Structures are given as C-alpha cells and as structure tokens.
Amino acid sequence: MSEKETVGVVGVGWVGLVTAVCFAELGHKVVALDIIEEKVSALRRGEVTIHEPELPKLLRKNAERLEFTTSMDEVLDGTRLLFCCVDTPPTYSGDADLSRVRAVVDRLPEDGHHALVMKSTVPSGTGAAIRRDKPDLPYVSCPEFLKEGSAIDDFMHPDRVVIGADEGSEWAADAVARLYAPLSDATVRTDVASAEMIKLASNAFLATKISFINEIANVCEEVGADVTEVARGMGMDDRIGPKFLNAGLGFGGSCFPKDTQALKMLAGNIGYHFQLLSSVIEVNELQKRRVTSKLSKHLGSLDGKRVALLGLAFKPDTDDMREASSLVLAARLQGEGAEVTAFDPVVAARAGELLPGVQMRPSAMEALDGADAAVLVTEWPEFADLDWSEAATRMKTPLMVDGRNFLDDDALVAAGFAYEGIGRPPRSANSG
Ligand code: UGA
C-alpha cells in the first residue's frame, strides 16, 4: 500500500481537474485551486462544466478527498507538491503565453518544503527560467499525455510517466514518482529540459503523423488508391504502428495546433528554422479547406446551396471547440455563399456564438432536411446508425462528404447517396 500524500493542484481546467480527481481516486487528499469562483462553486456542488466521460462520476465518488478553493494559502497549507495545470494559450506571436504559470510561481514560497510540479505544456527552458528566478524552489517537470474524451483512462493507464528534475529537486521528483508508481512501470526519469522537450516532441510527432497521412490521402485521390487500406497496411509495421493514421479534415483541439506552433516558434526564436513543422501546420490548414472543392465537383457553385455539418466539436466525446475544423469549414462554406445547417450532440447549446450565421438544428436528421450536401465533421458514434434511406429522401441531393472516413459507405450508396471520403475513390449507385 503506497503512502498517501496531500496533493495541491493549481488550475482546474481539463488537465487539472482530471489530475485532481484521479489522485483522489488513488486515495490521496487533493486541494485544488482555480481563480474562477463560479467554477470552484460548481465543483464543490459536484458539477463538472466540461464534457468528459467518467469525470462527473469520479468527482462525486471522491468528493470526500477533494477540496476546491480560490485561496492559495489553503493549497499551500498541508501540501508539499503543487501541480501547476494552468493553461498556456498561444500569444499573438505564436509563442506560449506563460503569464498564468508566472502568476502561480510568484505566489510560491521558497521555503524548501513546497515544490512546483509542472503539468502545463511549457516551452523548453521554462523550468530553467523559473529556477533562475527562484533557485530554492524545487521544480519537477511532469508533462501530461492525456487525450480529451478518454482523459480518465489515459491518466490511470499512461503509456509512460515522464519525470524531469535537476539537482536540488530530487526529493520532489521521488515524491512524484511515488504518486505515479501504482499507474505505470514505465517511468522516464530525466532532466527538466528533456522532459519539457518529450512533451512538445510527442505532440509534434503525432501531429506530423496526421499531416503525413492526410498528404498520402490527397495523393491516393489522384492515383485511385484508398488511404484506409494504405494506413492499414502501413500500421501493421511495428515501427509505424496503426494509431494516428486516420486521414480526415486535419487535427484540431487545444494542443496539437498550439504545440506545433509553439515548438516551431521556440526553434525560430533561437535561430533554427523547423521546416518540417511549417509543412505540418500548412498541410493541416489546407486539409480543412479541401471539402469545398469536393462539394463543388458535384454541385458546381456553392452559392445558395445548403450544406449540413454533422458534428462540430474538434473530436468526439468532448464539447471542446478550440481549433475545431468545423469553425474553418463553416466560414469557408459561407464565404462561397452556401447556407450552413449543423447538428452536434453536445456543443449545440453554445455553438451559435462561435459559428455566426450557422443554423443549429436539434437533430442530425433536421440538419439534413432540404440540404444539397452533408459533411461529416466529427465522428460521433451516433452518426454511424443514422437511417440513411430516410436521410436521402429528406435531402435535396443525397451527397455525403465523410470528413473522417467514418461512415459505412456501402450503406450510404445503397440508400442512394453519392459518397466522398478523404483519400478514397468516390462512390455512388452508378460507380458501385
Ligand atoms: C493530444 C494528445 O494526443 C495527448 O497525448 C496530449 O496530452 C494532448 O494533446 C495535450 O497536449 O494536452 P487531444 O488534443 O485531446 O490530445 O486529442 P487527440 O485525440 O490527440 O486528437 C487531436 C486531433 O487530431 C483531433 O482533431 C483528431 O480528430 C485528430 N486526429 C487524431 C486525426 O485527424 N487523425 C488521427 O489519426 C488521430
């Protein structure tokens, strides 16, 4: 039985709340701080403001061990390890905005008793800069690798745990290692700069994998190959692996777009041109825009045509709209003069303000009503089971652009649809 710690968490966004709830689930007491009072009050009532499977259940189950506060003194009282989980959004220049991290560091005493454990994604060199300012504040870099939508499972079953610490912070690194010991045997103990880079490089590599398969998809379209078959064949090579080879409308969310940009900027700021990442970012931008030409191929000018978007969130099982492909796509379609209707099972309520002019509908079928074409943007599982025969009769033209290669193309074609995937030969009743 491992020793129990009282853990401090600062910033209860996605990473912070999952960290707090999961440490509580492991039996530790957790004191978690956020500066937004309404968020703290809601959490005290057991209410979660983000859509993340399992999170509300675990929050309620472990309520006894979880304390939410707006007071740093309460966090410092009785804790040794403070997990910094505040966000680091991109600035106008593309660098990571570290002002929230700085605000946390400024509040911490250099008493030798408290240590800062960095979970926020920060550029390499952040740990060193913090220790230059506060040399007696023990500092551990412990990057998080969880994915939205499966955050609890990812936290509880990590592929690896990365713990970076430099001289003078060993006790804190050991304490963090003890906290994670029940979760994984695969621990990387390293220095702070390397730990910081492991996080950025991992996200940049996954983003590269996605942009790579998207470019392969675009070439597949030219040569008549099917990218899903290509990815299947590639993924069986152990060195490549099958994950993150799904071609589609590109990556979105709060991490890949921001972190690829931040790594590119980090390199640029020290005089290194990270050419590959520039391409990864550009391919991702263009990928979202290819949909309009697929639609035009069938419909001619999109002016006055009605296009239905199925799914708006940047991926299923989340209500996160940050850098969602739907934002670019809707604006592009409107730019071409199209009327856009949309349905998303979770984000519908507040999507209106993010997608001006888009007509939100209460169901997928109602979004499809009278549409000249549909685009599947987010692969919510419920879209797999739509009644395609009914959809075909409701739509003006049964045309589907499957932006995630997710739907059963045989079923759609049988129902009378013309089907376009990403990187796959187009299909229709005539083409088979
Ligand atoms: C990502 C990483 O996967 C996590 O390991 C990391 O901890 C997190 O960023 C972070 O830095 O906080 P997340 O952004 O939640 O997690 O979501 P992913 O599942 O990685 O998906 C990112 C985007 O890539 C989505 O838009 C998704 O649709 C797209 N994607 C993913 C593809 O287009 N193809 C794929 O094969 C996989």
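You'll find the structure just up there.
For every chain, the first residue of its written sequence is number 1, and the numbers climb from 1 along that sequence. Totals for whole chains, interfaces and linings use all residues, but because this is a predicted model, local features are given only for residues with pLDDT of at least 70 and pairs of side-chain atoms are given and counted only at 80 or more. Excluded from the side-chain calculation are hydrogens and water; included are all heavy atoms of the structure.

(A) Inspection of the packing of helix 9 (residues 192-223) against helix 11 (residues 256-269) at higher detail. At their nearest, the axes of helix 9 and helix 11 sit 9 Å apart, and the two run at 115 degrees to each other. Viewed along their axes, helix 9 and helix 11 form a crossing whose handedness is left-handed. Residues Met197, Lys199, Leu200, Asn203, Ala204, Leu206, Ala207 and Ile210 of helix 9 touch helix 11, and the partners they reach there are Phe256, Asp259, Thr260, Leu263 and Leu266. Note on definitions: angles span 0 to 180 degrees between N-to-C directions of axes, and those axes are lines fitted to C-alpha atoms, for helices only across the stretch in contact. By definition, any uninterrupted DSSP run of H or I lasting at least four residues is a helix, any uninterrupted run of E lasting at least two residues is a strand, and each is numbered from the N terminus. We call a crossing left-handed when the near helix sits turned anticlockwise from the far one by less than a right angle, and right-handed when that turn is clockwise. Throughout, a contact is declared for two residues whenever any of their heavy atoms are within 4.5 Å.

(B) Spotlight on the packing of aromatic side chains. To pair, rings of Phe, Tyr and Trp, with the six-membered ring standing in for Trp, must have centres within 6.5 Å; the planes then decide the type, stacked if under 30 degrees apart, edge-to-face if over 60, and tilted in the middle. Inspection of every chain in the model, using the stated rule, returns 9 aromatic pairs. Judged by centre distance (5.2 Å) and plane angle (55 degrees), the rings of Phe23 and Phe83 are tilted. Taken together, the residues span a long stretch of sequence, with Phe23 in helix 1 (residues 14-25) and Phe83 in strand 4 (residues 81-84) at a distance of 60 residues. Of the two residues, Phe23 and Phe83, neither departs from the other in class, the shared state being buried. Measuring from centroid to centroid gives 5.5 Å for Phe23 and Phe155, while their planes differ by 85 degrees, and the two rings are edge-to-face. Remark: Phe155 occurs in helix 7 (residues 151-156) and Phe23 occurs in helix 1; sequence separation between them is 132 residues. Taken as a pair, Phe23 and Phe155 share a single burial class, namely buried. Each residue gets one of three labels from its accessible area relative to the maximum for its type: buried under 20%, exposed over 50%, partly exposed in between, using a 1.4 Å probe on protein chains only.

(C) Examining the sheet that holds strand 13 (residues 399-402) more closely. Sheet architecture is open: 6 strands sit in the order 11-10-9-12-13-14, paired in parallel fashion. In this open sheet, the two strands that pair with only one neighbour each are strand 11 (359-360) and strand 14 (418-420). DSSP-based pairing: two strands are paired if at least 2 bridges between them are found. Two elements, strand 13 and strand 14, share 3 bridges in a ladder whose sense is parallel. By the bridge assignment for strand 14, Met400 is matched with Tyr419.

(D) Region of interest: the pairing of strand 12 (residues 373-376). Covered by surrounding structure in strand 12 are Ala373 and Val375 together with Ala374 and Leu376, the residues of both alternating faces. Note: strand 9 (residues 306-310) against strand 12, 4 bridges, orientation parallel. Opposite Leu310, over in strand 12, you have Leu376 as the bridge partner. With the strands aimed away from the viewer, a crossover counts as right-handed if its path from the first strand over the helix to the second runs clockwise. Where the polypeptide runs from strand 12 across helix 16 (residues 388-394) and back to strand 13, its parallel neighbour, the crossover connection is right-handed.

(E) Broad picture of the side chain of Ser254. Its location among the elements puts Ser254 in the loop between helix 10 (227-235) and helix 11. Here Ser254 falls in the buried class, since its relative accessible area comes to 17%. With residues up to four places along the chain from it excluded, the contact list for Ser254 reads Glu148, Asp320 and Arg322.

(F) Here's a closer look at the site of the ligand. In the neighbourhood of the ligand, 20 residues make up the surrounding shell, with Phe145, Leu146, Glu148, Lys199 and Asn203 lying closest. Under this definition, polar contacts are N or O atom pairs within 3.5 Å; protein pairs additionally need one hydrogen-donor-capable and one acceptor-capable atom, and for neighbouring residues in sequence, both atoms have to be side-chain atoms. Here an oxygen atom of the ligand sits 2.7 Å away from a polar atom, N or O, in the main chain of Phe145. In the model, an oxygen atom of the ligand is placed 3.3 Å from a nitrogen or oxygen of the Leu245 main chain. For accessible areas, the Shrake-Rupley method is used with a probe of radius 1.4 Å. Any residue's cover is judged against the shown protein chains and nothing else. Within the complex, the protein chains bury 91% of what would otherwise be the 720 Å² of accessible surface of the ligand. Elements supplying a minimum of two residues to the shell around the ligand: helix 9 and helix 11. If one sorts the elements of the shell around the ligand by residue count, helix 9 sits on top with 3 residues. The residue inventory of the shell around the ligand, partitioned by class, reads 9 nonpolar, 4 polar and 7 charged. Whether a residue is near a molecule or strand is decided by its heavy atoms; if any one of them lies within 4 Å of it, the residue is near. For this scheme, ten residues count as nonpolar: Ala, Val, Leu, Ile, Met, Phe, Trp, Tyr, Cys and Pro. Four count as charged, namely Asp, Glu, Lys and Arg, and the remainder, Gly too, count as polar.

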